[in-house]
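Here is what each chain is made of, one letter per residue.
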There are 2 protein chains.
Amino acid sequence: SSLLPQPSVRPDKASELKTLWKKFYKVASPYWFSEDKDQARLRLAAVFALTLATTGISVGFNFLGRDFYNSLANKDQEQFTKQLFYYLCAFAGGIPFFVLRDYTKETLSLRWRSWMTKYYLQRYLKDQTFYKIQSQSIIDNPDQRLVDDLSSFTGTALSFSLTLVNATIDLISFSNILFTIYPPLFLVLLLYSFGGTAISVFLGKGLVNLNFLQEKKEADFRYSLVRVRENAESIAFYGGEQNEMQLLLQRFRSAFDNLTELLIASRNLEFFTDGYRYLIQILPVAVVAPMYFSGKIEFGVINQSVSAFNHILGDFSLVVYQFQAISSFSAVIDRLGEFDDLLDNNIFRDPSDTVDEIELTYQSEMNSSLLDTNGSIKSQPNQKRLEIEELTLQTPTNGTTLVHNLSADVYDKDHLLIMGPSGSGKTSLLRAMAGLWRSGKGKITFYLDPEVDFTQEKSDTQENSGKRGDVLFLPQRPYMVLGSLRQQLLYPTWSATVEETTPGGSNIDGSPPLLIREDGNEKPTTDDLMRTLEKVCLGHIADRFGGLDSIHEWSSVLSLGEQQRLAFARLLLSQPKLALLDESTSALDEANEAFLYQQIQSAGITYISIGHRRTLTKFHNKILQISTADPKSNERNWRIEDVDAQDSLYGRLNQKEVPSES
Amino acid sequence: SSLLPQPSVRPDKASELKTLWKKFYKVASPYWFSEDKDQARLRLAAVFALTLATTGISVGFNFLGRDFYNSLANKDQEQFTKQLFYYLCAFAGGIPFFVLRDYTKETLSLRWRSWMTKYYLQRYLKDQTFYKIQSQSIIDNPDQRLVDDLSSFTGTALSFSLTLVNATIDLISFSNILFTIYPPLFLVLLLYSFGGTAISVFLGKGLVNLNFLQEKKEADFRYSLVRVRENAESIAFYGGEQNEMQLLLQRFRSAFDNLTELLIASRNLEFFTDGYRYLIQILPVAVVAPMYFSGKIEFGVINQSVSAFNHILGDFSLVVYQFQAISSFSAVIDRLGEFDDLLDNNIFRDPSDTVDEIELTYQSEMNSSLLDTNGSIKSQPNQKRLEIEELTLQTPTNGTTLVHNLSADVYDKDHLLIMGPSGSGKTSLLRAMAGLWRSGKGKITFYLDPEVDFTQEKSDTQENSGKRGDVLFLPQRPYMVLGSLRQQLLYPTWSATVEETTPGGSNIDGSPPLLIREDGNEKPTTDDLMRTLEKVCLGHIADRFGGLDSIHEWSSVLSLGEQQRLAFARLLLSQPKLALLDESTSALDEANEAFLYQQIQSAGITYISIGHRRTLTKFHNKILQISTADPKSNERNWRIEDVDAQDSLYGRLNQKEVPSES
């Protein structure tokens, strides 16, 4: 169900150009109406002004050249030296304009890229779009689109529009020169350039497609290499080098074949383009010569008409000369347009989709007894944290049902253990609670901290992660952030302060401010962090790795058990109202497991854990047993039991209470 | 301890150029002496020949131009039309040479890149270099070096050498034209170009460094994006979008700042280069004009000297015009040179390193009783598989001791369980057995299949993974390959056949053959695979995902428990002599765990597992207890106990024997 536009035979030229233009406009326009629009438009105006100036200057150079050569032709030495002097002054005055034009253009395109990167990153990370893209593999290589495509889009878009503007001004200013000399020359010029453009578009039509595939294949090859890097230890353990080699070479091979085809196609196009370019050198002279021979025009005028001809023809033959650049640019527009539509989320809300979706709401912690739906005032002393009503959960890809209308309540200080055979959908239940999966029907309501107001409109990423501020999910795979030990511990509740924007207040080029506002609750100090590390028996790793701020590849240097203990440290630091632990002690020995659970129990955190081990039961007072759903029948495949007090407190397996830890 | 050349102030120009040239030669030379050298040298010769031809043709065009304009100046219409006709024929004949020159150059650089990619990939995957690079983070972004740097190196190296050759021929052929016209012009030319080169090198010296950093920062930004993609689910669970956003923007910011500096530096250089380029248009005319005014030369000669002057000056000013390209090319040479040295392994064997290293050897399965070192003939009926003698294991980064002189033997059909608190070095012990870690002292010897001969020299990756053919490691993190379900099951013992090289035998451009020779033992058929899937209760996933050959993001669609069961399926398929399981049932419920262990027991596989759970003891007959090593004292921190028969067979916890699985 990949939404990639199948690179099949294109419908027809005109409509295709229209869609391309629409996509281009959709991707290009937001920046120029964004909060940075004044600076953007100001700089764009500056670039256009400078372009106008440079064209004027080159026209000036053209006239200077004519008089310069005339003075030579008339053997007038005194006039020649004067002309030479004028030429030099023109250079000295003119060149800075050319350089500044390029520089302003480059800085504007960098600024545009910086704004676009932030804009795309925000939408990529919002509402777990990055998760949906990855788990349902909707488009390929989002990282390439965010880095390479964005960078080449902003650069090429600007230089193309400048070339277009340049060409039009050039066209107007030189046409009248040509007209004054010899009108038919203009006609020859039109015929020659339109004919050339038509032929090159015909010859090169395969190129757009080949370019599109080339970018994708290079990115796929690059992705498989990064994967080898990410899973280096597992591959080394398996000794799977040979298989990896085969896969890598296979992907390189397909990029190699595509590039070979691309080279052949552009070679054929080149035969035509080179011919077109060389012929221009003699075409105007051949056309104007008869007038010169009949004495109607002086020799200098030939030179002038030749250079005017070249100017105008250059403008008209943009498509011919830039064909390769245009075809790869249109591939970039395709990829970014697709990514842009996806990020606008209209891809996910596919109308034909089943209407019902799991309803996930966060409500403030009003006294739950009033809220009880079936009318009776329940004398529930403590506060309800989570309420699941008739939840039927299905996998988003092929809709197999994992859980049949589950209803369960979790109260403050409750400890629920979810057990079941592997593959029965335990983690998927957590995915539904985290809002990652919405496929199925039923209602999930969280009752959390009153002062965190969830109702007001969520504007950007802070609000999003804020709304879950009080619920913390510990995923099955411990996740180590790129950065220092301090950042590991502060993740995800606080973001380690980014060193302030470059000293001296506003950034030199006024690039958009990148600092994210701090979170509400104040940040733990270094000794808080050290104390928590001690609490999870990780006190030794701080000095083993040179303090809290040393940077290492944590996912490689720490053992899986140490990483899981670090995750618990995060939990103890952020003190959430409700924690959901997805087999987060699978790599820990029983003593460490008991120790950690006691820590979060004494911290008064309500938690739901997923696990397999008998040993876990003693840390929980309720168990939700899930069995693998039988797709045919839809009767309940779950039951909730209370763990009898005796079992949970002393637990049959209770050997060593506290680990003989250093 | 990163080996990155600190981009500090460069020592001095000359020695720096010398090292750059040496690095360039070391990276560039292997291909031209490789098995593909004939084709390579043939094509290189062809490219040079074509370049010579094109220079000859452009000299021809120059003369044609002179006569063409002379006929105009002398108002000789009849001569003019003749010249026009010659010009057209010259075009028709000449242009194919230019196009073919570029095409042959492009295909040669693609061929070179393809050979280099395979050459670097082989060394990258050999002797676990890729693992060492990642775990000790020695160089940054190996993936970028393998893809972008290699591709730009081969392309730029070829076009630079061609430009150099072109420039020299051009220089020789046009110099005598210039000499015949006006020798002093040659002197002016020399002064002008050398002066220009010196000034631009001075102005642009910051650029090389900035380019080096720019590539690194863009790659770092790209890497952090790929990491978000790889850990999408964990990040979504944590709700860590805001932290990820901050990290991503931080990395983009540093690329942004560096690029801003780069733009300013190249702007300043551009002021000079543009001035230099425009001045050339009038310099030759100004120098030659006096001779023309004094009647010594005809007018056409001016045009000829101007174009000859431009030709030669163009050759001399290569450095000035190509400065940006040269500086980024030197950054690529730096990065590839560094990577090349690393791959030659001379980085790891750091002489100052402690001499002793853990000795890891694989020996064939001779009757072990003869081999017993302490002289007594042990009446050991069955075969010894693994012998560890006085092993002291230290971490490679900071040398903390994890295990103090461990000695242990594992015999055929033995089942050893390694237990110990998390972080005490259990996985590191396995790393030593797999040869990933060599830091420490002691001896590890495997006694394996006699017919696999390990003594002969290991040439390339097949032999390497072959030598361990009989030992299979199941890493803690289940690793899913990119590809179909079939490829998951065949990994790592067999490589799924790559569809044969492009139909029609040899590949069109004779790119080096990429197919890897098949392994010894024959490949399991589809029903073998299906039967094994049933054995690990994963029968249902084949049809759930559309058969064995459908391709999915397996690490996202399968639950961790399912992935671990898939790893067991690999084990049952490859039937190794010895299996080492690193907590490979951590995500499985006890029933599944028992079921899988029974499977490998009945398959008669000797195995060593690392685990925490009491429930594991009943599948093992020996336990190796490791406690966290006390860095001060170096007395033994391990002991081996026999699991008493009663305990292992019936096991106190033995509730459900076979899981109530579908």
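Data block above holds the structure.
Residues numbered from 1 in each chain as written. Chains lettered and ligands numbered in written order. Predicted model: local features only at pLDDT ≥ 70, side-chain atom pairs only at ≥ 80, totals over all residues. Heavy atoms only, no water.

Novice: Any chance you could explain the sheet that holds strand S10 (residues 606–610) of chain B here in plain terms?
Specialist: Where strands meet in a sheet, backbone hydrogen bonds hold them as pairs that are either parallel or antiparallel. Residues and elements named next belong to chain B. Strands sit in the order S6-S9-S10-S4-S11-S12 across an open sheet of 6 strands; the sheet is mixed. In this open sheet, the two strands that pair with only one neighbour each are strand S6 (471–474) and strand S12 (638–642). Ignoring which end each strand starts from, the neighbouring axes of this sheet average 15 degrees apart. Bridge count between strand S9 (residues 578–582) and S10: 5 bridges; the pairing is parallel. Bridging across to S10, Leu581 finds its partner in Ser609. Of the strands in this sheet, strand S4 (415–419), S6, S9, S10 and strand S11 (622–626) are in contact with helix H14 (residues 426–433), which crosses S9 at around 150 degrees. Sitting on the sheet, helix H21 (residues 590–602) touches S4, S9 and S10, and the angle it makes with S10 is about 150 degrees. (Pairing = 2+ DSSP bridges. Helix = DSSP H or I, 4+ residues; strand = E, 2+ residues; numbered from the N terminus. Axes fitted to C-alpha atoms, helices over the stretch in contact; angles between N-to-C directions. Contact = heavy atoms within 4.5 Å.)

Novice: I tried to follow the packing of aromatic side chains on my own but got confused; where do I start?
Specialist: The geometry of an aromatic ring pair is captured by the separation of the ring centres together with the interplanar angle, meaning the angle of the planes. Using the criterion set out here, one finds 80 aromatic pairs over all chains in the structure. Here Phe61(A) and Phe91(A) contribute two aromatic rings whose centre-to-centre distance is 5.1 Å and whose plane-to-plane angle is 80 degrees, an arrangement assigned as edge-to-face. In this pair, Phe61(A) sits in helix H2 (residues 37–73) while Phe91(A) sits in helix H3 (residues 77–125), placing the two residues 30 residues apart along the sequence. A relative accessible area of 10% places Phe61(A) in the buried class. For Phe91(A), a relative accessible area of 3% translates into the label buried. An angle of 5 degrees between the planes, with centres 4.9 Å apart, marks the rings of Tyr597(B) and Phe619(B) as stacked. (Phe/Tyr/Trp six-rings, centres within 6.5 Å; stacked < 30°, edge-to-face > 60°. Buried < 20%, exposed > 50% of the residue type's maximum accessible area, 1.4 Å probe, protein only.)

Novice: Before we go on, may I ask you to explain the pattern of salt bridges in this structure?
Specialist: By the definition in use, this model includes 62 salt bridges over all chains. Across the pair Lys26(A) and Asp341(A) runs a salt bridge whose closest N-O atoms are separated by 3.2 Å. Here Lys26(A) is found in helix H1 (residues 13–28), whereas its partner Asp341(A) is found in helix H11 (residues 323–343), with 315 residues between them in sequence. Exposure remark for Lys26(A): the relative accessible area of 33% places this residue in the partly exposed category. Here Asp341(A) falls in the partly exposed class, since its relative accessible area comes to 26%. The salt bridge partner of Asp143(A) is Arg222(B), with a shortest N-O separation of 3.0 Å. Taken together, the positions of Asp143(A) in helix H5 (residues 142–181) and Arg222(B) in helix H6 (residues 183–230) put the pair across two chains. (Salt bridge = Lys/Arg side-chain N within 4 Å of Asp/Glu carboxyl O.)

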